Amino acid sequence: MTIDSDPVPGTLRAAVLLLRAEAVALGLIAVWLIWSDLTAPKTDLISALWVTAFAVGGAAALWALGGALSRRRAGARAPAIVLQLMLLPVGWFMIEGGMGWLGLPLIAFGIGMVGLLVSGPTNRALGFGDPDR
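In this text the structure is predicted, and so the values were computed from the model without any measurement.

**Some thoughts on the layout of surface pockets**
(1) Moving on: Here the largest pocket is characterised by a volume of approximately 710 Å³.
(2) Moving on: Taken together, 19 residues make up the lining of the largest pocket; nearest its centre are Glu22, Leu26, Ile29, Leu87 and Val90.
(3) Moving on: For the lining of the largest pocket, the secondary-structure elements that each account for two or more residues are α1 (10-39), α2 (45-70), α4 (87-96) and α5 (100-118).
(4) Moving on: For the lining of the largest pocket, the residue count by class is 17 nonpolar, one polar and one charged.

**Describing the nonpolar core**
Grouped burial of nonpolar side chains is what soluble globular proteins tend to show.
(1) Moving on: Among the nonpolar cores identified, the biggest contains 17 residues, and Leu12, Leu19, Leu69, Ala76, Ala80 and Leu117 are the most heavily contacted of them.
(2) Moving on: The set of elements that each furnish at least two residues to this core consists of α1, α2, α3 (77-85) and α5.
(3) Moving on: Sequence-distant contacts of Leu12, defined by excluding residues within four places in its chain, comprise Leu69, Arg72, Thr122, Ala125 and Leu126.

**Some remarks on the side chain of Arg77**
(1) Moving on: Within the secondary structure, Arg77 is located in helix α3.
(2) Moving on: Look at Arg77 and you get buried, because its relative accessible area is 15%.
(3) Moving on: Here Leu117 takes part through its backbone oxygen, which lies 3.3 Å from a polar atom of the side chain of Arg77.
(4) Moving on: Other than its neighbours up to four places away in sequence, Arg77 contacts Leu69, Leu117, Val118, Asn123, Leu126 and Phe128.

Reading the values: the criteria
- Numbers given for residues are sequential positions, taken from 1 along each chain in its written order.
- With pLDDT at 70 or above as the cut-off, local features in this predicted model cover only qualifying residues; side-chain atom pairs require 80 or more to be listed or tallied, and sums for whole chains, interfaces and linings still use all residues.
- Calculated side-chain values reflect all of the structure's heavy atoms, with hydrogen atoms and water omitted.
- Only protein atoms enter the 1 Å grid, on which a cavity is a set of points fitting a 1.4 Å probe that cannot get out and a pocket is an open set with protein on both sides within 12 Å along at least 5 of 7 lines, lining residues being those with an atom within 4 Å of a point.
- Grid points are joined across faces, edges and corners, and a volume is the space filled by probe spheres set on the points.
- Secondary structure elements are defined from DSSP: runs of H or I of at least 4 residues count as helices, runs of E of at least 2 residues count as strands, and each element is numbered from the N terminus.
- Ten residue types, Ala, Val, Leu, Ile, Met, Phe, Trp, Tyr, Cys and Pro, are classed as nonpolar, four, Asp, Glu, Lys and Arg, as charged, and the remainder, Gly among them, as polar.
- We call a set of buried Ala, Val, Leu, Ile, Met, Phe, Trp, Tyr and Cys residues a nonpolar core when their side-chain atoms join them within 4.5 Å.
- Per-residue accessibility, obtained with a 1.4 Å probe over protein chains only, is compared with the maximum for each type, and a residue is labelled buried under 20%, exposed over 50%, and partly exposed between these values.
- It only takes one pair of heavy atoms within 4.5 Å for two residues to be counted as in contact.
- A 3.5 Å cut-off defines polar contacts: any pair of N or O atoms within that distance qualifies, except that in protein one atom must be a possible hydrogen donor and the other a possible acceptor, and neighbouring residues in sequence count only when both atoms are side-chain atoms.

Structure, rendered in structure tokens:
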């Protein structure tokens, strides 16, 4: 039996958990989109398939990034940050469109996730910065 002398910090564990939760949520949206594509009486099929594929791909990417970060793969941090920063314009346009009740929490979530991903304990766990600090 081996004991991990360097446990995963709480910030990295939280980021992984939230990335996986985002993946599940986006996966559920993808399932709804697939059902909607199949049952819609009239639709632009090409556009519908592109939106559905984007949701499926996003869910897969979020899940994979969460897995890579849980294995402390430093290269997964930048794509995860980019995906979280994509929540900012989405949230902004939701606010502009009258859905501030959803847009504002989305922006706060994206900023919070970036904070978790660039925090000191996460940096050290992924091998960035001074390991002695």
